[in-house]
Amino acid sequence: SVSETETTSAIHYGHFVGGDWRATADGTTFEVHEPYTGKVFGEVAACGQAEAKAAIEAASVAFQGWAELAPARKAALFLRAAEIVERRRERIADLLARETGCTVFFANFQQDLVKQTLQHAASWVYQRKGDILQSDVPGTYSTAVRRPLGVVASFTPWNGASVLAWRAVLQPIAAGNTVVVKPSELAPVSAGLIVAEIAAEAGFPPGVVNVVTHAPGEAKVIADEFFENPEVRCINFIGSVQTARMLSERAGRVLKRTVMELGGYNPMIVLEDVDIDYAVRCATFSAFFHQGQICMNARKILVQRGIYDEFLRRFVEKTKTLRRGDPQNPETVIGPLITPQALASVKERVAEAIELGGKALTGGNHQGQVYEPTILVDVPPEATVCNEETFGPVTIVQPVDTVEEAIAQANRTMYGLTSAILTGDTYRGFELAAQVKSGAVHVNMPTIDDEIQAPIGGVRDSGWGRTGPYSIDDFTDLIWVNVQSG
Ligand code: ADP
């Protein structure tokens, strides 16, 4: 099942259903473009409702067999997939950099994390399946048993495409479910088709992983089938708050479970007892990694007044040194934004902040699709950048007088994904961590962190559900089986 023909420089993929690479019924395809060059990256199947339906059917047929397959066999498949990721590392990293505009560093980082996640997932299949309960009724054998849900529909994003797509597949299937992936139309290869290719080569049974790709503007058509089809038991979404509101509403109408991994407005608090150079390094990485297109980027940096000027001076200086340009040049730190629309949106947000009285101390311009890393100060609270996640290399630095003010400012938006507190006093960091409303609090570390064993996920508007071994709660039902044996 070779999915790719390299007769031209653009790559060609069908979609993946029941272990087969297929063209759509009417043969329609769509083009995917490279963010940096604007060139055609690939041509991919433009699926519609019929293809989504067929994929759900394949996943549904595969479900029972997969759920019952011995954990040792599942683990062996995950380990084999990890080996393939390692073997294809360079090729995948190259595709990822071209399709999503991520740097070579981030592309390689993602491959390492995917490999580790696959290896770790081989142990998730051995997670405790339930509990034996102490019953008050003599002679009963009372148990709580986890059972998989059935078919899970996973919406995967373009930003951390490789890691997030694998996670959106592995977590449900390690719990015994089968999956239909709907990758973002902006990165269908990285956020879906590569996963299918590796799953097929590793020998995953047909139908366990299916991928339906769709043209821009057609997401709703695929989603319609996911909601209408009773075989789909869970909508597993990684994306924006705005889309999540709509999907949650629809899921409510048909009473399907949802797992939501959404955006954030992640604050970094810098207290005046900190090592300023360390804080600047954390801030630079947190604010600008992947051009600010990670849900965990620091959107606002709250700095205690005593070190505000000095921190800002060094942060601006450091930011000016970040190399911008072609993501395939290994020296590049800041690559392109994903689309011209994304660029326009970042420009608009910054222009509004400046119009309202804010100042850009560095950045504020762009060369092609590459937006300069930008530090804003004096931005009034009504500006959109102060309230909404802005998916680009733009951060706000704001002085605070007290720790209480820092906490209040950190909790100002309804988002709650990650946060960071930088302080020379670790104990105080611990104490303050309890007061910040976010799904992860990093003390003396950047806002961006990813570990395979950690429960990553949001609170409040940033969603619900947790990654890694904790995802078992999201992708199983706990059933009470109570047996009277006396
Ligand atoms: P992002 O800006 O990160 O791409 P979005 O929330 O816009 O976040 O998109 C996330 C996913 O939601 C994408 O896979 C997209 O195809 C999908 N999506 C967008 N609009 C709809 C819709 N009306 N119905 C279902 N899915 C949608």
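In the annotation of an unreviewed UniProt entry, the entry for the protein reads Aldehyde dehydrogenase family protein, and the organism field reads Kibdelosporangium philippinense. Per UniProt, the protein has the following entry under Sequence similarities (unreviewed entry): "Belongs to the aldehyde dehydrogenase family."

Trainee: In this structure, what is going on with the overall build of the protein? I would like to understand it.
Mentor: Within the protein, the secondary structure is distributed over 13 helices and 23 strands. Over its C-alpha trace the protein gives a radius of gyration of 23 Å, about what one expects of a compact globule, namely 23 Å for 486 residues. With the C-alpha coordinates aligned to their principal axes, the bounding extent of the protein is approximately 70 × 70 × 40 Å. Residues counted as buried form 51% of the 486 residues belonging to the protein. Taking contacts inside the protein between residues at least 6 apart in sequence as the whole, the part at least 24 apart equals 70%.

Trainee: Would you mind showing me how to read the site of the ligand here?
Mentor: Around the ligand sit Phe155, Pro157, Ser184, Glu185, Ala219, Lys220, Ala223, Gly239, Ser240 and Thr243, and those are all the residues in its vicinity. It is helix 7 (residues 219-228) that provides the largest number of residues to the shell around the ligand, a total of three residues. Across the shell around the ligand, the residue classes tally to four nonpolar, four polar and two charged.

Trainee: Hey, could you run me through the environment of Gln435 in this one?
Mentor: Turning to its location among the elements, Gln435 is positioned in the loop between helix 13 (426-433) and strand 21 (440-443). Residues Gln435 and Pro230, spaced 205 residues apart in sequence, show a C-alpha to C-alpha distance of 42 Å.

Trainee: Sorry if this is basic, but what is going on with the packing of helix 3 (residues 89-100) against helix 6 (residues 189-202) here?
Mentor: Packed helix pairs are characterised by how far apart their axes lie and by the angle those axes make with each other. At a minimum axis separation of 11 Å, helix 3 and helix 6 run at an interaxial angle of 150°. As far as their axial angle goes, helix 6 and helix 3 are roughly antiparallel. For the pair helix 3 and helix 6, contact is made by Ile92, Leu95, Leu96, Glu99 and Thr100 and by Val189, Ser190 and Ile194, respectively. Classifying every residue of the contact of helix 3 with helix 6 gives five nonpolar, two polar and one charged.

Trainee: Would you take a moment to explain the sheet that holds strand 5 (residues 40-45) for this structure?
Mentor: Across a sheet, strands are paired by hydrogen bonds formed along the backbone, either parallel or antiparallel in direction. Judged by pairing direction, the sheet is mixed, and its three strands sit side by side in the order 1-5-4 without closing on themselves. Pairing within the sheet leaves two strands with one partner each, and these edge strands are strand 1 (11-13) and strand 4 (29-33). The average undirected angle you get between the axes of adjacent strands in this sheet is 20°. The strands touched by helix 6 within the sheet are strand 1, strand 4 and strand 5, with strand 1 carrying the most contacts at an inclination of about 65°.

Trainee: Looking at this structure, how should I read the UniProt feature "domain: Aldehyde dehydrogenase" (unreviewed entry) in the protein?
Mentor: Per the UniProt annotation, the sites labelled "domain: Aldehyde dehydrogenase" (unreviewed entry) are residues 21-480. In this annotation, residues 21-480 is assigned 40% helix and 22% strand; the end-to-end C-alpha distance for the span is 40 Å.

Trainee: It is not clear to me how the packing of helix 1 (residues 49-68) against helix 7 should be interpreted in this structure. Could you clarify?
Mentor: One way to put it is that helix 1 packs onto helix 7 with a least axis distance of 8 Å and a crossing angle of 40°. Accordingly, the angle class assigned to the pair helix 1 and helix 7 is oblique. Here the hand of the crossing between helix 1 and helix 7 comes out right-handed. Contacts between helix 1 and helix 7 involve Gln49, Ala52, Lys53 and Ile56 on the former and, on the latter, Val221, Ile222, Asp224, Glu225 and Phe226. Its residues assigned to classes, the contact of helix 1 with helix 7 comprises five nonpolar, one polar and three charged.

Trainee: Help me understand unusual backbone geometry in this model?
Mentor: Comment: phi is negative for the bulk of residues other than glycine, and the bulk of peptide bonds are trans. The phi dihedral of Asn444 is positive, around 60°, even though this residue is not glycine. Along the polypeptide, Asn444 turns up in the loop between strand 21 and strand 22 (463-464). Positioned with a positive phi, Arg460 is a non-glycine residue whose angle comes to about 50°. Its place among the elements puts Arg460 in the loop between strand 21 and strand 22. You can call Arg460 partly exposed: it has 17 C-beta atoms within 10 Å.

Trainee: What exactly am I supposed to notice about the sheet that holds strand 7 (residues 140-148) here?
Mentor: Reading across the sheet, the three strands line up as 6-7-23 and stay open at both edges, with antiparallel pairing between neighbours. Two strands lie at the open edges of the sheet, namely strand 6 (130-133) and strand 23 (476-484), each paired on one side alone. Strand-to-strand, the axes of this sheet are offset by a mean angle of 15°, without reference to chain direction.

Trainee: Help me out: how do you make sense of the nonpolar core in this one?
Mentor: Grouped burial of nonpolar side chains is what soluble globular proteins tend to show. Within the largest apolar cluster, 145 residues are counted, with the highest numbers of intra-cluster contacts made by Val169, Val195, Val209, Val270 and Leu422. Here this core gets ten residues from one element, more than from any other, and that element is helix 5 (residues 161-174). Excluding anything up to four places from it in sequence, Val195 contacts Ala165, Trp166, Val169, Val181, Val209 and Val211.

Trainee: Please clarify how the pairing of strand 20 (residues 418-422) should be interpreted in this entry.
Mentor: One face of the sheet, then the other: side chains in a regular strand alternate in exactly this way. The element strand 20 is extensively covered by neighbouring structure, given that five of its five residues are classed as buried. A two-sided burial pattern is seen for strand 20, the buried positions comprising Thr418, Ala420 and Leu422 on one face and Ser419 and Ile421 on the other. Both strand 13 (residues 266-270) and strand 20 contribute to a ladder of three bridges, which runs parallel. The residue of strand 20 that forms the bridge with Ile269 is Ile421. Pairing analysis gives four bridges linking strand 20 to strand 21, with the strands arranged parallel.

Criteria and thresholds
- Residues numbered from 1 in each chain as written.
- Predicted model: local features only at pLDDT ≥ 70, side-chain atom pairs only at ≥ 80, totals over all residues.
- UniProt positions renumbered as here; feature names shortened; annotations may be inferred.
- Helix = DSSP H or I, 4+ residues; strand = E, 2+ residues; numbered from the N terminus.
- Rg over C-alpha atoms; globule rule 2.2 N^0.38 Å.
- Buried ≥ 20, exposed ≤ 12 C-beta atoms within 10 Å, placed from the backbone.
- Contact = placed C-beta atoms within 7 Å.
- Near = placed C-beta within 6 Å.
- Nonpolar A, V, L, I, M, F, W, Y, C, P; charged D, E, K, R; others polar.
- Axes fitted to C-alpha atoms, helices over the stretch in contact; angles between N-to-C directions.
- Parallel < 35°, antiparallel > 145°, perpendicular 65-115°, else oblique.
- Pairing = 2+ DSSP bridges.
- Left-handed = near helix turned anticlockwise from the far one by under 90°.
- Core = buried A, V, L, I, M, F, W, Y, C linked by C-beta atoms within 7 Å.

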